[in-house]
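Results of the structural survey
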Amino acid sequence: MAVTNGIPAANSKNTLTVTDNRTGKSIEIAITNNSIPAAAFTQLKAPYGAGEREENDTPYGLRVLDPSFVNTAMITSEITYIDGNKGFLMHRGYPIEQLAEKSSYLETAYLLIYGELPSAAQYSRWQWEIMHHTFVAEDLAHIVRSMRYDSHPMSIFIAAFASMSAFAPEANPALQGQDLYVLNKSLMNKQIVRILGKATTIAAMAYRIRINRPFALPRSDLSYTENLLYMMDHMAEPDSFRPDPRLAKALDILFILHADHEMNCSTATMVHVGSSLVDPYSCVAAAASALYGPLHGGANEAVIRMLTKIGSVDNVPSFLARVKSKQELLFGFGHRVYRETDPRSKVIRQVADMVFKVCGREPLIEIAIALRDAALADEYFTSRKLFPNVDYWSGLIYKAMGFPLDFYPVLFVVPRVAGYLAHWKQQLDSGKNKISRPRQVYVGKSRRDYVDLNDRQERDIDGKNGLDEIPHYISKRRLTKL
Ligand code: CMC
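Residues numbered from 1 in each chain as written. Predicted model: local features only at pLDDT ≥ 70, side-chain atom pairs only at ≥ 80, totals over all residues. Heavy atoms only, no water.

Let's shift gears to the site of the ligand. Residues in contact with the ligand amount to 19 residues; listed here are only the nearest, His 296, Lys 326, Leu 330, Gly 332 and Arg 336. Here a nitrogen atom of the ligand sits 2.7 Å away from a polar atom, N or O, in the main chain of Leu 330. At 3.0 Å from an oxygen atom of the ligand is found a side-chain nitrogen or oxygen belonging to Asn 389. In isolation the ligand offers 930 Å² of accessible surface; the protein chains occlude 72% of this area. (Near = heavy atom within 4 Å. Polar contact = N/O pair within 3.5 Å; in protein donor to acceptor, adjacent residues only side chain to side chain. Areas by Shrake-Rupley, 256 points an atom, 1.4 Å probe, with all protein chains shown as cover.)

Right under this line is the structure:
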């Protein structure tokens, strides 16, 4: 096939021919945007081979197995593009570096959700709406207030969003009909501004519970990140209190960098859950739950724990040796898509310097630099194409700014809400929403008959004789004997 600059010549066929050697049948599958539809493989049906398990469903079509979605595209999208081999990221065509330098978080959110940069009038309306949807229902505030002071703030964030669904019955397709967001775009836009507006309020509440202080009411005259810092830090001063504008600006850039990242684990969750047409508050709660894990948005927190454990530059080589023998993970390194340095991590280094000028240099940075340099000079990491990702540096900035360690994922999820909403809207607006329902390949026991209790042989579970005794809390007072 003649290929020029990677594009097949006009007379060549943009198709894939697959021959099933079990039957000799060939199918030709169209290649669109360098992708093929997995459903095409269901055409390849075969009789059961000798001794083959019935559970393979062989006569019903070939299945495509891709655990952890290593090479399966879940959607076609117009929102974000990543070139992982070049370390390039753009939203709606605009490179992330330009957005970080020139845009603001709310403007980038508009771009992600609506596809174009807003005009001046559109932008000011957008900001006004979001900053006037920051209050949460008082009963919701009571629910949040009832959480333990030592709860992980992400648990609070997730619980608050799940509860918010109960406070918006008019926005719930389960109550109002499944066409709700197809028919009523203004209702959809209202939920978008409400979710963006309330995300910072919930985040600040999660923090105030930690410090055992009453919630501070949001301020609609401040910028998005200023308002977040205000709600976290405002104490008994008169209304003249304003967060440091340099820190609000640094946080705004960090928010732009975190606003979207195409089909990451939590956005894929948003799309998956959203495909059932459940309300958007429940979708955000589900997506935030996915983000909370240490392999995803919890990595920024894990990086700081790792650097603290390493303790000094002298311990870097022994730590890396443990990583190479798979006893440890180098948090903040590696990415499913990037095979080059994550471009966000380059911008974030500059933000780190901005913040260090205001708050003082974070001492762990020396270990972070030594660790990065040693890893980038080591064949183990370079051959696996493991480079720093955004989480490698973001935690250091949050630490320098004095945020508690377990609050870092909250500072990741709040801006990522824009990406979640952009994907939710894209999916519902497409008119092609179909419930996400992956296949599986069943490799378990074949059909067998139920065995009565007294006829069963005892079998080990997890290499042991059934469940361990599960400890129950029993007070000492109940253990006294007469
Ligand atoms: N430290 C040590 N080894 C690693 C790391 C790491 N951080 N990441 C990957 N590897 C090794 C892995 O053990 C495997 O080695 P081998 O070929 O010998 O089995 C090889 O590199 C390929 O890794 P993989 O597990 O196939 O990679 P993946 O695409 O499944 O995982 C990842 C991607 C981000 C989960 C993983 O790199 C990781 O766990 N990194 C640390 C956690 C982290 O920083 N997460 C934040 C990701 S960026 C922000 C976000 O999306 O949330």
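From this point, things continue past the structure.
Ranked by internal contacts, the top residues of the largest apolar core, which has 126 residues, are Trp 126 and Leu 196. By residue number, the principal contributor to this core is helix α8 (residues 185-210), which donates 14 residues. Residues Val 18, Ile 27, Ile 29 and Leu 44 belong to the second largest nonpolar core, which totals six residues. (Core = buried A, V, L, I, M, F, W, Y, C linked by side-chain atoms within 4.5 Å. Buried < 20%, exposed > 50% of the residue type's maximum accessible area, 1.4 Å probe, protein only. Helix = DSSP H or I, 4+ residues; strand = E, 2+ residues; numbered from the N terminus.)

Looking now at helix α9 (residues 224-233). The buried count for α9 comes to nine of ten residues, which makes it a mostly enclosed element. When α9 is considered as a whole, its buried residues turn out to be Tyr 224, Thr 225, Glu 226, Asn 227, Leu 228, Leu 229, Tyr 230, Met 231 and Met 232.

Turning to the confidence of the model for the chain, a few remarks are in order. Looking at the chain, the pLDDT average stands at 94 and 98% of residues meet or exceed 70. Scored below 50 in pLDDT, residues 1-7 makes seven contacts in the model with residues more than four places away or belonging to other chains. (pLDDT = per-residue confidence, 0-100. Contact = heavy atoms within 4.5 Å.)

On inspection of all chains with the given rule, the structure shows two cavities of 30 Å³ or more. Looking at the largest cavity, its volume works out to about 60 Å³. Contributing elements (two or more residues each) for the lining of the largest cavity: α7 (180-183) and α19 (408-429). Broken down by class, the residue content of the lining of the largest cavity amounts to seven nonpolar, two polar and no charged. Its volume calculated, the second largest cavity comes out at about 40 Å³. Val 136, Ala 137, Leu 140, Met 164, Phe 167, Arg 194 and Lys 198 together form the lining of the second largest cavity. For the lining of the second largest cavity, the residue count by class is five nonpolar, no polar and two charged. (1 Å grid on protein atoms, 1.4 Å probe; cavity = no way out; pocket = protein on both sides within 12 Å on 5 of 7 lines; lining within 4 Å. Points joined across faces, edges and corners; volume = space filled by probe spheres on them. Nonpolar A, V, L, I, M, F, W, Y, C, P; charged D, E, K, R; others polar.)

With that settled, the discussion passes to a nonpolar patch on the surface. Residues Leu 65, Val 441 and Val 443 make up a contiguous nonpolar surface patch of about 300 Å² in total accessible area. Examined against the element boundaries, Leu 65 turns out to sit in the loop between β4 (25-30) and β5 (80-83). (Patch = residues over 30% accessible without salt bridge, like charges linked within 9 Å, V, L, I, M, F, W, Y side chains within 5 Å. Salt bridge = Lys/Arg side-chain N within 4 Å of Asp/Glu carboxyl O.)

Turning our attention to the pattern of salt bridges. By the definition in use, this model includes 22 salt bridges. Notably, a salt bridge pairs Asp 406 with Arg 210, separated by 2.9 Å at the nearest N-O pair. In this pair, Asp 406 sits in the loop between α18 (390-400) and α19 while Arg 210 sits in helix α8, placing the two residues 196 residues apart along the sequence. With relative accessibility at 16%, the residue Asp 406 sits in the buried group. One salt bridge connects Lys 309 with Glu 328, and the closest N-O pair in it is separated by 3.1 Å. Here Glu 328 lies in the loop between α14 (316-324) and α15 (343-359) and Lys 309 lies in helix α13 (residues 299-310), a separation of 19 residues in the sequence.

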